[in-house]
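Now for the letters of each chain:
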Amino acid sequence: MDGRTRRREDTRQRLYEAAVELIAEQGFSATTVDDIALRAKVAKGTVYYNFASKTALFEELLRHGVGLLTDDFRAAVAGLPPRDAVAALVRAQLEYIRRYRAFAQLLLSEMWRTNREWQQTLVLLREQAIGVIAETVQAGVDSGDLPAELDVRVASSALFGVGLVVAVDWLVFQPDRAIEDVEQSLLAIVRRIA
């Protein structure tokens, strides 16, 4: 990667981070391009050079963030038997949300809104992340490690949603609690269901 490409990627990363923080703090509508530029320490024109609009920036932000989560899920389950893979998914989601807390709060607030321009993008991205969970759960059903009557789709959505809500709750209300403690408590609930 040449210096110019590296600088552009660094600028885009700063814009992503600034937008995530601001939108998580004050909401999408209240966040202006000026706010994003100021937080990212770039000129307003730089925002528009990299993204056609605030909405385009937000859609790219969603793609970037959910893409990282999906990649983390895939890496976590690689080569593991189904029950171990489910536990690895729980840990991966907790670690991801600890690392990208503002994005997780943003994702949680936007996930079920249906009146947004980017709703279709979010639905597709959610499907990608939940798809990795569904593959893992289906492998567990197929191998007999998980109950045959388990509804794979509902179980996968439940794992994703519970992990997201529990992790955000942990970081907002109990930030001093160890990740291992949260992980074990969440796994105890998951194992009772599965």
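Before reading further, recall that the structure is shown in the block above.
Before going into details, it helps to say that this report is about the structure given with it. The shown structure was predicted, so the numbers you read here are calculated from the model rather than taken from an experiment.

Cut-off values and rules
- Residues numbered from 1 in each chain as written.
- Predicted model: local features only at pLDDT ≥ 70, side-chain atom pairs only at ≥ 80, totals over all residues.
- Heavy atoms only, no water.
- Helix = DSSP H or I, 4+ residues; strand = E, 2+ residues; numbered from the N terminus.
- Rg over C-alpha atoms; globule rule 2.2 N^0.38 Å.
- Buried < 20%, exposed > 50% of the residue type's maximum accessible area, 1.4 Å probe, protein only.
- Arc of directions from axis to C-beta.
- Contact = heavy atoms within 4.5 Å.
- Core = buried A, V, L, I, M, F, W, Y, C linked by side-chain atoms within 4.5 Å.
- Phe/Tyr/Trp six-rings, centres within 6.5 Å; stacked < 30°, edge-to-face > 60°.
- Lys NZ or Arg CZ within 6 Å of the ring centre and 35° of its normal.

Regarding the overall build of the protein
Next up, step 1: In terms of helices and strands, the protein carries 9 helices and 0 strands.
Next up, step 2: Going residue by residue from the N terminus, the α and β elements of the protein occur as α-α-α-α-α-α-α-α-α.
Next up, step 3: Compactness check: the protein gives a C-alpha radius of gyration of 18 Å against a globular reference of 16 Å for 194 residues, within 12% of the reference.
Next up, step 4: Along the three orthogonal principal directions, the C-alpha set of the protein runs to about 55 × 35 × 35 Å.
Next up, step 5: For the protein, buried positions account for 45% of its 194 residues.

Describing helix H2 (residues 33-40)
Next up, step 1: Here H2 has its buried residues at Val33, Ile36, Ala37 and Ala40. Projection of H2 onto a plane perpendicular to its axis shows the buried side chains occupying an angular sector of 95°, all on one side.
Next up, step 2: Against helix H1 (3-26), helix H3 (44-50) and helix H4 (54-77) lie the buried residues of H2.
Next up, step 3: Where H2 ends, the next residue or the one after it, Lys41, has phi of about 60°, a positive value.

Considerations on the nonpolar core
Next up, step 1: Grouped together as the largest cluster of nonpolar side chains are 63 residues, with contacts concentrated most on Phe73, Leu94, Ile97, Phe103, Val137 and Phe160.
Next up, step 2: Contributions of two or more residues to this core are made by H1, H2, H4, helix H5 (82-99), helix H6 (101-110), helix H7 (119-143), helix H8 (152-173) and helix H9 (179-193).
Next up, step 3: For this core, the element with the highest residue contribution is H5, accounting for 10 residues.

Side note on the environment of Gln128
Next up, step 1: Positionally, Gln128 belongs in helix H7.
Next up, step 2: Judged by its relative accessible area of 41%, Gln128 is partly exposed.
Next up, step 3: A C-alpha to C-alpha distance of 16 Å links Gln128 and Glu110, two positions 18 residues apart in sequence.

Considerations on the environment of Ser185
Next up, step 1: Tracing the backbone shows Ser185 in helix H9.
Next up, step 2: Residues Ser185 and Val166, 19 residues apart in the sequence, show an inter-C-alpha distance of 10.0 Å.

A closer look at the packing of aromatic side chains
A ring pair, where both rings are aromatic, is described by two values, the distance of the centres and the angle of the planes.
Next up, step 1: By the definition in use, this model includes 4 aromatic pairs.
Next up, step 2: Relative to Phe103, the ring of Tyr96 has its centre 6.5 Å away and its plane inclined at 85°; by these criteria the two rings are edge-to-face.
Next up, step 3: The buried category is assigned to Tyr96, whose relative accessible area is 2%.
Next up, step 4: By way of ring pairs, the aromatic residues Tyr96, Tyr100 and Phe103 are connected into one cluster.
Next up, step 5: The ring centre of Phe28 lies 4.3 Å from the NZ or CZ of Lys54, which sits over that ring.

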